[in-house]
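Examination of the molecular architecture
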Amino acid sequence: MSTSNDTADGPGKVPPSLNDAAQLLRVLDEHFAQVETALDRVAQDRRTLPRGARDLLDATRLGLKREHSDLQAKLSEFDGFPANRRLARIVKKCGDLDAILRAITQSVLPVLEGARAHRIPVELESVLLSGVRKSAGDRWDIAAVVLYTDYDFNYKIRLVDFSEASLNWVPSLDERERHAVVTPSTSASEEPSDGSEEAAPPPPTKLVVLSAPSTHRDSVLLHSIMLGHELGHIRDWRHQVSQQFAAEIVAPEAKGEEEVSLGNWPVLGSWLREFSADAFAVHAIGPAALFALVTLELAHPQRVDSTSHPGTDRRIANMLHVLSELGYRDTDRDDLDHQLNALDEMSDGALERSIRPRAANARGLIEESWELMRGHLEGLRERVKGCQAGTAFGPDRWLSEIDPAVGSLAAGVPFGEFWNGEDLVEASNRAILNAAWMVRLTRLPDLASVLGYDSEVGIDKEAVAHSLRVLDDLVLKSFEIARFREQVLEWHRSQENEFKSG
Amino acid sequence: MASVPRKRIQERLRDPNDPFVITPFPRDAAIGKGSVDLRIGTYFLTAHRSSVPNIDANEPTQTASLFDEERVQPGHRTVIHPGQFVLAATLEYICLPQDLCGIIESRSSFGRMGLVSATAAWVGPGFKGCPTLEIVNLGELPLTVAPYVEACQLVLLEASEDDKRPSRYQCSVRPSFARLKKDPYVSMWSQVPEGDDTSDTEPN
C-alpha cells in the first residue's frame, strides 16, 4: 500500500486520522469538559437541591474527576507500549469513560434537573426517606433517596448498588431490570449460619431513585403510589418474595435443571413483581394504595395486559383480596364499604377473564405465563402477609387513627399532630394519606364549603378542582408539621439541653 | 377590641374542641402577652428585575411572572438584599374563630436589622391558613434568613363577627399572589368616565 506523505502541513507529514490516539483523547476531553460544565451548572444552584440529589451530584462530580485522573495515569503507563497495543488500550479506556459520560448525560443530569426543589413536592422527601428505610430494613444501607419529576406519566423506582468510590452505579440508573437466576431451594431471606464468629459484612449500599409525573408535582394523593407500590418493590426485593415464588412456580417446568432462569418466563416474573408490590403496598399503607392506583389509571384502558404489567382490573381485584384478608371488609364502615363495593364492580371477573394483550404478538407469551400463575395468587398474598406480620396497616389502626384526621382535613385544617392525653404527638403518614383519601372520596363538599362554595347548591367543576388542590396542600402541610414535630423540635430540644448543661 | 391574655391563649389552644388552632403548636415561650410568635416557612417568592415596565394594579395576576419561587430547605438560608421585596408564609397554620382576629407584626429584633415583615397584616375572624408575610429589607446590608426563625408575631384581639364569608386566601399553605382579579370593583375604577370640561378645577 503506497501512501502519499505530502500534506498541507508539509512534505513527509502524516495527517491525523480519526483512528489516531491523540484524536480520540481530544474528543474524549471535549466530552468530559462538556459533561463537567453541565454538572457545574447544576452545582451552582446546589442549594435548590434536596439532600438526596445533592449527594448524587457530589458523588457524580467526584467520581468523574477521579475517573478522568485514573485515565490520565493509565495513559502514561501505555507510553511504553508498541503503537498498535497502545492504541487498543487507549480505545478501550476511552470507551469505558465515554460510556460513563453518556450514562451521566442520559440518566444522572435529567434526574438532577428534575430533583430541584421547585420541581418536586419537597415535603414528601422526608416521608419517602422514612418509608424507604423501613422498607429496606437492615438488608441495605440506603445511601440516598432521590426524588425527581419527569414528563413520563408514570411512577418509577430504581434501586442501584451505590458506591461513591466508583461510578459503576451510573450505568445502572439506565439499566433495565434483569431476570434473576434463582436456585429454587435457596431462601434468600435466611442468613447462612456456619457457626463462624466473624463479624457480618456491612449491608450493600443502595441508591434509591424515585420519579413522579412532573405535571402532577403537587398531587400528593396520587403520590400514594410511590409510598405504597414503588416502596412495595423494595420490600419485595428485600424479602425476595416474587423472585422465589416465580422460581417455585416454574420449577416443574424446568425439567430438573438446577438453576431456573426466569428469563424464559419474562411475563411471569414481571407480573408477579407487580402483584407482589401491590400486596406489599396495601399492607404498608392500607386502602390509600388502591385508591391511588384506581385514580391514576381511571382514564387508561384498564382491561389490557402488557408483558410488563397485568391489566389494572386484575391488580385492583388482587388488592381487594388483600384488603379483605386484612379485615377491611368487616369494619361496618359504610363510607369505606361503599368505595370498596364500587371497586368490586369495576374489577368483576378480572382474574378470570381472558388475555387482552396490548401488543397482539405478545398474546401467546402472556397466556402461557398467566396459566402458570393464575392459581397461585393466593399463595403469593400469603407469602407477602408472612413478611409483613405485625406491621401491616390493618383496619384496627385505620379506624382508630383516621377519624380525627378526616374531621380535621374536611374542616380545612392540616393534621400533622394531635393530642394524645397530655402530649402532642405527630400524626402517622399513612393516617394522613388515608384520611385525605376518605375526604377526597366522601367529604369534598365539606371542604368546598370551608372555601366558600355553597355545597347545598352542589359544587361545580371549579369548586372540585379548587378543593382538590387545597386538599393536596393540606396533606403536604400535615407532612411538614409531622416532620417538624418529630425531628426539628426534637433537635431543638436537644440543642437547648446542651446549651443549658454546657 | 381587647387583646387576649396569655393564659387565655394557652387555654384555648389546648382545648381540642376550640376552633382556635395554631399548628405546629407554639412552644410556651412563644406565647406572649396578647400575642404568639410565628415562624417563617420554607417558601419564598422573590421579585426579580425584568423588562416588564410596570404592574397594572388592575391586572395583579401578572405579578406571578415577576416572582421566582424558592423553597429553602430547613438548615439552609435565603438572602434578602437591601430594598428587596419577598413574599413568604408562616410555618404555622392558623385557624381563627369568629370571636378572634389578629394583626401580624414584625418582631422588633428583626425590625432593628431592617427586616420588616408585615404590611397589610390583618388576619380576620374565620381565617384559616398560613398568612402571607410581605417582607422588605429596609436596611443597608443583605440579610440572611433561615426557615423556622420566629420573625413575626400574631397579636390577637377579641372580635364579634357574624359574617362567615371565607377569606380570599382561605386555606393557603404558601405565599399567595394578589387575588384582586376576583374583585370586580378593582377593574371598575379604571373605567370611571372622564369628568365635564367645565370642571371647577380648571385653572383661571
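Notes on the structure in this doc start here.

Thresholds, definitions, all that
- Residues numbered from 1 in each chain as written.
- Chains lettered and ligands numbered in written order.
- Predicted model: local features only at pLDDT ≥ 70, side-chain atom pairs only at ≥ 80, totals over all residues.
- Heavy atoms only, no water.
- Pairing = 2+ DSSP bridges.
- Helix = DSSP H or I, 4+ residues; strand = E, 2+ residues; numbered from the N terminus.
- Axes fitted to C-alpha atoms, helices over the stretch in contact; angles between N-to-C directions.
- Contact = heavy atoms within 4.5 Å.
- Core = buried A, V, L, I, M, F, W, Y, C linked by side-chain atoms within 4.5 Å.
- Buried < 20%, exposed > 50% of the residue type's maximum accessible area, 1.4 Å probe, protein only.
- Patch = residues over 30% accessible without salt bridge, like charges linked within 9 Å, V, L, I, M, F, W, Y side chains within 5 Å.
- Areas by Shrake-Rupley, 256 points an atom, 1.4 Å probe, with all protein chains shown as cover.
- Salt bridge = Lys/Arg side-chain N within 4 Å of Asp/Glu carboxyl O.
- Parallel < 35°, antiparallel > 145°, perpendicular 65-115°, else oblique.
- Left-handed = near helix turned anticlockwise from the far one by under 90°.
- Nonpolar A, V, L, I, M, F, W, Y, C, P; charged D, E, K, R; others polar.
- Phe/Tyr/Trp six-rings, centres within 6.5 Å; stacked < 30°, edge-to-face > 60°.
- Lys NZ or Arg CZ within 6 Å of the ring centre and 35° of its normal.
- Polar contact = N/O pair within 3.5 Å; in protein donor to acceptor, adjacent residues only side chain to side chain.

**Considering the sheet that holds strand 2 (residues 156-161) of chain A**
Residues and elements named next belong to chain A.
- The strand order across the open sheet formed by 3 strands is 1-4-2, and the pairing between neighbours is mixed. Bordering the open sheet on either side are strand 1 (141-150) and strand 2, each of which pairs with just one other strand. Each neighbouring strand pair of the sheet contributes to a mean axis angle of 15°, computed without reference to strand direction.
- Of the pairings in the sheet, the one linking strand 1 to strand 4 (residues 205-213) comprises 9 bridges and is parallel in character. Counterpart to L147 in the pairing with strand 4 is L210.
- Strands in contact with helix 2 (residues 51-78) are strand 1 and strand 4; relative to strand 1, the strand with the most contacts, it is inclined by about 105°.
- Helix 3 (residues 83-114) rests against strand 1, strand 2 and strand 4 of the sheet, and its axis sits at about 75° to strand 1.

**Comments concerning the nonpolar core**
- The biggest cluster of nonpolar side chains holds 112 residues, and the ones touching the most others in it are A:V208, A:L210, A:I234, A:L268 and A:L290.
- The next biggest cluster of nonpolar side chains, apart from the first, holds 41 residues, and it includes A:L25, A:A53, A:A59 and A:A144.

**Re a nonpolar patch on the surface**
All names here are of chain B.
- On the surface, M188, W189 and V192 cluster together into a nonpolar patch covering about 330 Å² of accessible area.
- On the secondary structure map, W189 appears in helix 3 (residues 184-189).
- On the accessibility criterion, W189 (59% relative accessible area) is exposed.

**What about the sheet that holds strand 10 (residues 128-129) of chain B?**
- Read from one edge to the other, the open sheet built from 3 strands follows the order 1-6-10 (chain B), with strand pairing classed as antiparallel. Each of the sheet's edge strands pairs with one partner strand only, and the pair in question is strand 1 (21-23) and strand 10 of chain B.

**Things to note about the packing of helix 9 (residues 287-297) of chain A against helix 10 (residues 312-326) of chain A**
All names here are of chain A.
- Contact geometry for helix 9 and helix 10: axes closest at 10 Å, N-to-C directions at 165°. The angle between helix 9 and helix 10 falls in the class roughly antiparallel. For helix 9 against helix 10, the interelement crossing comes out left-handed. Taking contact as the criterion, the partners of P287, A289, L290, L293, V294 and E297 in helix 9 are, on helix 10, T312, R315, I316, M319, L320 and L323.
- Within the contact of helix 9 with helix 10, the residues separate by chemical class into 9 nonpolar, 1 polar and 2 charged.

**Re the packing of aromatic side chains**
- Counted by the stated rule, this structure contains 11 aromatic pairs over all chains.
- Note on B:F67 and B:F85: the rings are 6.3 Å apart at their centroids and 75° apart in plane angle, and the pair reads as edge-to-face. On the criterion of sequence distance, the pair formed by B:F67 in strand 3 (residues 67-71) and B:F85 in strand 5 (residues 85-90) is long-range, its members being 18 residues apart.
- The class for B:F67 is buried, based on a relative accessible area of 13%.
- Taking the relative accessible area as the measure of exposure, B:F85 reaches 32% and is therefore partly exposed.
- When the ring centre of A:F81 is taken as reference, the NZ or CZ atom of A:R85 above it lies at 4.3 Å.
- Positioned over the ring face of A:W370 is A:R314, at 4.6 Å from the centre of the ring.

**Details of unusual backbone geometry**
- Between B:T23 and the following residue, B:P24, the backbone shows a cis peptide bond with an omega angle of 5°.
- Structurally, B:P24 is set in the loop between strand 1 and strand 2 (35-47).
- Phi is positive for A:Q240, close to 55°, though the residue is something other than glycine.
- You can see A:Q240 is positioned in the loop between helix 6 (224-239) and helix 7 (241-250).
- For B:C171, which is not a glycine, the phi torsion comes out positive at approximately 65°.
- The topology assignment puts B:C171 in the loop between strand 13 (150-158) and helix 3.

**Topic: the environment of B:A47**
Residues and elements named next belong to chain B.
- Note that A47 resides in strand 2.
- Taking the relative accessible area as the measure of exposure, A47 reaches 29% and is therefore partly exposed.
- Each C-alpha atom of the pair A47 and E140 lies 18 Å from the other, and the pair is 93 residues apart in sequence.
- Sequence-distant contacts of A47, that is, excluding residues within four places in its chain, are made with L66, F67, Q84 and F85.

**Observations regarding the side chain of B:Q170**
- With respect to the secondary-structure elements, B:Q170 resides in the loop between strand 13 and helix 3.
- Of note is the side chain of B:Q170, whose polar atom sits 3.1 Å from the backbone oxygen of B:G126.
- A distance of 3.1 Å separates a polar atom in the side chain of B:Q170 from the backbone nitrogen of B:K128.
- Contacts of B:Q170, omitting those with residues within four sequence positions, involve A:V450, A:L451, B:G126, B:F127 and B:K128.

**Things to note about the pattern of salt bridges**
All names here are of chain A.
- Per the stated rule, a full pass over the model turns up 39 salt bridges over all chains.
- In this structure, D335 and R333 form a salt bridge, with 3.0 Å as the shortest nitrogen-oxygen distance.
- Of the residues examined, R333 reaches a relative accessible area of 17% and is grouped as buried.
- Connected via shared salt-bridge partners are R303, D305, D313, R314 and R353.

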